[in-house]
Amino acid sequence: MNQFRVLQFFALLRKEFWENRNLMIGAPAVLAIVLFVVNFLVASQLSDEQLSTVLGYVGEWFDVQNPFYTAPVLTLLSLPFVVVYFFCSVIYLLNALYHDRKDMSILFWQSMPISNLQTVISKIVTIVIVSPLFTVAAMAVLYSLSIFYLTVVGYGLGSQLSGFSYMLAAMAVNLSLIYFFLATSVLWLLPLAGWLLLFSGFARRAPMLWAIGVYFLLGFFEEFIFNTRFLSNWAQTRFDPDNFIIVDFSGIFDRLLSYDMFIGWVVGALLITGSVYMRRHAE
Amino acid sequence: MKKIIFKNRFTLLTTTILAYVLLLVIEGMVTSREPALLRFDNSLFELNLEELNEISERFL
Amino acid sequence: MTNIVEARSLFKSYGGFVALDNIDLCIPQGAISGLIGPNGAGKTTALKSLIGLCDVEGDINVAGRDPRVARHKLMEDVCFIADVGILPKWLKVSQVLEYVEAVHPQFDRSKAERFLSTTEIPSNKRIKNLSKGMVTQLHLAIVMAIEVSLLVLDEPTLGLDIIYRKEFYDRLLNDYYDGNRTILISTHQVEEIETLLSHLIFIDKGKIVLNANMAEIADIYAEVLVDSDKIAQADALKPIHIRNLLGKKSYTFESVPRAYLESLGDVHTPSVADLFVAKMRGQRNESV
């Protein structure tokens, strides 16, 4: 891997970022603003006494001082971001090999010395490594503003705020955890990513309909014609949240560097290879 | 062989999906994959329920 | 003189429609070749096959490579402009330059910026906010700043105002062409480029109807404004095309020595446009 190829690859990542700023930054940013406003409205409905009690309780919780223990609470706040990230990634992947065929800009991209493999890999690296950064950044802004706001309110009410300074540490742990979780979830769901890319490269119209339709048709055929359930067993394992939801850092490597993760990469690689060939051969 | 697979995008799609299904079926047979029952017994959700209970107790 | 493009027996069909019917295409290095044909003749298919964007059967060698095997490697030596407006609409001008600079080893950004400074294209505007003509100017500025041995242009001035069209070919010839680079242009607007070309390729219904350089054309083809009393003699020499021109008849001859024609009337080399019509009409008449 010489230096030029590395520079080329970074250019591809930059291009993905330029093209998808709305999905990558806009969506989590809007969510952060919405959540902040919702919290603000909820807090303003409480009386001073209720608010003081809640803040006191929160401060007490964080006073435990161990951010690894307290961080998981913030996971509740992270859930909307995770859900939004999932949906944005699906949209991104379905568009990834579709949009530039639709407006014919593919003729420009392919007149550059970049292989189809490089293109597809750059899109995967984007959702595994680059895109989660922006989601986590939006969360960081939300947390910081919330903590600042609550601290100000709390001082005004004279609440017990001893634990608040430890909130920042818990926040940092939570953010790292969420970043790690997002990245590894995408890796766990690599077969899904490959499937979406395949249809993104195949469809002339409505790639989402193709991706969903064909999958259900396959499952239907398998069950009613062969009376087997290999496809649905596979899907159930793959989408069982218990297999990849990460709450804290304990036991992570066992759960993730598992056979299921690796076989997922094999299947994902098969579908991704299909999507690379599809980009080359689809007219 | 190559001519058939790459004849058009439909043949390419069919080939890829066939390979995919084959891989899944073989894997399922080799590992005797069972459908995983959806269980929500990880610590995240237990924690949350405790939290919510405590908070509501404090209020009321 | 080596051929920078050597393509033989190219065949491509879409369902029942034959786009390329076993054609040979050889283009010498340093040529400015015009690929001329009506819509649907197979121009775009032929050009795309040379740069690996279309899978065809046959032997293809472009700048020493098979475009179907390693397109991205080939793109370091070959540049391609398709019909106007394929630059991605959401990109800013500065972003295009930044991208090509990082991605293309032969791109000279300062050169491109020098070309751009002679236009009115602002660097922070998005491509969707540029006029069609400006998009072509931008694309050409980029392409001219890339050091490649072959430039393939597929109807590059389609839909542009005459000013932009003229400027395009001006720049191409004066600023870009240096005798070593090869240019392959396809168009159905023959008149525009006939003065530029060194080689002519006519294509119709997937078949090559003519492939010659301009010197050969002058030797082989002649157009005669036949005097009214010499019509019978002219007919006997089997013209490939006859048309009425200002009350007289204009005969086009192929491979008839000029000596025989001199006595019939005014002899001159047909323009590319007239030759094109003559060959097309002639082909069609033959097949009837």
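The structure under discussion appears in the preceding block.
Here's a quick rundown of the structure. Bear in mind the structure is a predicted one, so any value in this text is a computation, not a measurement.

### Details of the environment of Ile193 of chain C
All names here are of chain C.
Now for step 1: Among the structural elements, Ile193 can be located in helix 7 (residues 190-193).
Now for step 2: On the neighbour-count criterion, Ile193 (23 C-beta atoms within 10 Å) is buried.
Now for step 3: In this structure the C-alpha to C-alpha distance between Ile193 and Ile32, which are 161 residues apart in sequence, comes to 10.0 Å.

### Points about the sheet that holds strand 11 (residues 241-245) of chain C
Residue and element names in this part refer to chain C.
Now for step 1: Spatially, the four strands line up as an open sheet ordered 11-12-10-13, and their pairing is antiparallel. This sheet does not close on itself; its edge strands, each paired only once, are strand 11 and strand 13 (265-268). Averaged over all pairs of adjacent strands, the angle between their axes in this sheet comes to 25°, without regard to strand direction.
Now for step 2: Judged from the four bridges that link them, strand 10 (residues 221-226) and strand 13 form a sheet pairing that is antiparallel. The residue bridging Leu225 from the neighbouring strand is Asp266, located in strand 13.

### Regarding the interface of chain C and chain A
Now for step 1: Across the boundary between the two partners, chain C contributes 22 residues, which contact 20 residues of chain A.
Now for step 2: Listing elements by their share of the side of chain C that touches chain A, those giving two or more residues are helix 2 (71-74), strand 5 (78-81) and helix 3 (93-103) of chain C.
Now for step 3: Per element, the largest residue contribution to the side of chain C that touches chain A is five residues, and it comes from helix 3 of chain C.
Now for step 4: In the side of chain C that touches chain A, the residues fall into 14 nonpolar, three polar and five charged.

### Thoughts on the pairing of strand 7 (residues 182-187) of chain C
Residues and elements named next belong to chain C.
Now for step 1: Burial of strand 7 is extensive: five of the six residues sit out of reach of the surface.
Now for step 2: Relative to strand 7, strand 3 (residues 32-36) runs parallel, the two being bridged by five bridges. Following the sheet pairing, Ile32 is matched in strand 7 by Ile183.
Now for step 3: Of the pairings in the sheet, the one linking strand 6 (residues 150-154) to strand 7 comprises five bridges and is parallel in character. What sits directly across from Val152, in strand 7, is Leu184.
Now for step 4: Handedness of the β-α-β unit built from strand 6, helix 6 (residues 162-176) and strand 7 comes out right-handed.

Basis of the calculations
- Residues numbered from 1 in each chain as written.
- Chains lettered and ligands numbered in written order.
- Predicted model: local features only at pLDDT ≥ 70, side-chain atom pairs only at ≥ 80, totals over all residues.
- Helix = DSSP H or I, 4+ residues; strand = E, 2+ residues; numbered from the N terminus.
- Buried ≥ 20, exposed ≤ 12 C-beta atoms within 10 Å, placed from the backbone.
- Pairing = 2+ DSSP bridges.
- Axes fitted to C-alpha atoms, helices over the stretch in contact; angles between N-to-C directions.
- Contact = placed C-beta atoms within 7 Å.
- Nonpolar A, V, L, I, M, F, W, Y, C, P; charged D, E, K, R; others polar.
- Right-handed = clockwise from strand over helix to strand, strands pointing away.

By themselves, these observations are geometric and do not establish any function.
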